[in-house]
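Next come the chains, spelled out residue by residue.
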Amino acid sequence: MTNAAAKPVLPAETRIGHVHLKVSDLDRAIAFYSGVLGFEITQRYGPQAAFLSAGGYHHHIGLNTWESKGGKPPAPGTTGLYHTAILFPNRASLGAVLKRVIEAGIPLDGAADHGVSEALYLRDPDGNGVELYRDRPETEWPRDAQGNLAMVNAPVDLHALLAEAA
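So, a few notes on the structure that sits alongside this text. (Residues numbered from 1 in each chain as written. Predicted model: local features only at pLDDT ≥ 70, side-chain atom pairs only at ≥ 80, totals over all residues. Heavy atoms only, no water.)

## Some thoughts on the overall build of the chain
1) Next: Check the secondary structure of the chain and you find three helices and eight strands.
2) Next: Secondary structure elements of the chain occur, N-terminal to C-terminal, as β-α-β-β-β-β-α-β-β-β-α.
3) Next: When its C-alpha atoms are laid out on the principal axes, the chain stretches across 55 × 55 × 35 Å.
4) Next: Scored against the burial criterion, the 166 residues of the chain give a buried share of 35%.
5) Next: Summed over all atoms, the accessible surface of the chain reaches about 10,500 Å², with 56% contributed by carbon and sulfur.
6) Next: Charge centroids of the chain, computed over 14 positive and 18 negative side chains, lie 5 Å from each other. (Helix = DSSP H or I, 4+ residues; strand = E, 2+ residues; numbered from the N terminus. Buried < 20%, exposed > 50% of the residue type's maximum accessible area, 1.4 Å probe, protein only. Areas by Shrake-Rupley, 256 points an atom, 1.4 Å probe, with all protein chains shown as cover. Lys, Arg positive; Asp, Glu negative; His and termini not counted. Charge placed at Lys NZ, Arg CZ, Asp CG, Glu CD.)

And the structure:
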């Protein structure tokens, strides 16, 4: 008798390269992802699509209206993308984006300190969930007595985060 096939394991270097979103209004989506969050436009395909990035990468976010121009967000209770998580390199840059979000009048859906990270939750203009977060160094992650990861859901001190804005 042979054992079942081994469960596949991805290499540790594997990353999610980009997210491509269907949006109803390309200019409005660009105003949010570029004008508020700070992504740079790397390429635009007329009035139908755009690619945006941080740091000169070809694209982290694709936006298009190919099947969604003038469309509505999915109704509650339907399946789809819960949120796109955007990782910031440090607390100061997370504080800076929080400041821009507040200045743009965009409400937060929530904020949480998970022990491993601090996260801000909001919606883009099409109702897509967006998480803006920064990771703590792995040496600071909360662990139980057996050494297992013990994430939490505590409040984030938004005033302290804003005070660190770069």
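## Concerning the packing of aromatic side chains
1) Next: Summed over the entire model, instances satisfying the criterion amount to two aromatic pairs.
2) Next: Taken together, a centroid distance of 4.8 Å and an interplanar angle of 85 degrees make the contact between phenylalanine 32 and tyrosine 33 edge-to-face.
3) Next: An angle of 85 degrees between the planes, with centres 5.7 Å apart, marks the rings of tyrosine 45 and phenylalanine 51 as edge-to-face.
4) Next: Note on phenylalanine 51: relative accessible area 13%, which makes it buried. (Phe/Tyr/Trp six-rings, centres within 6.5 Å; stacked < 30°, edge-to-face > 60°.)

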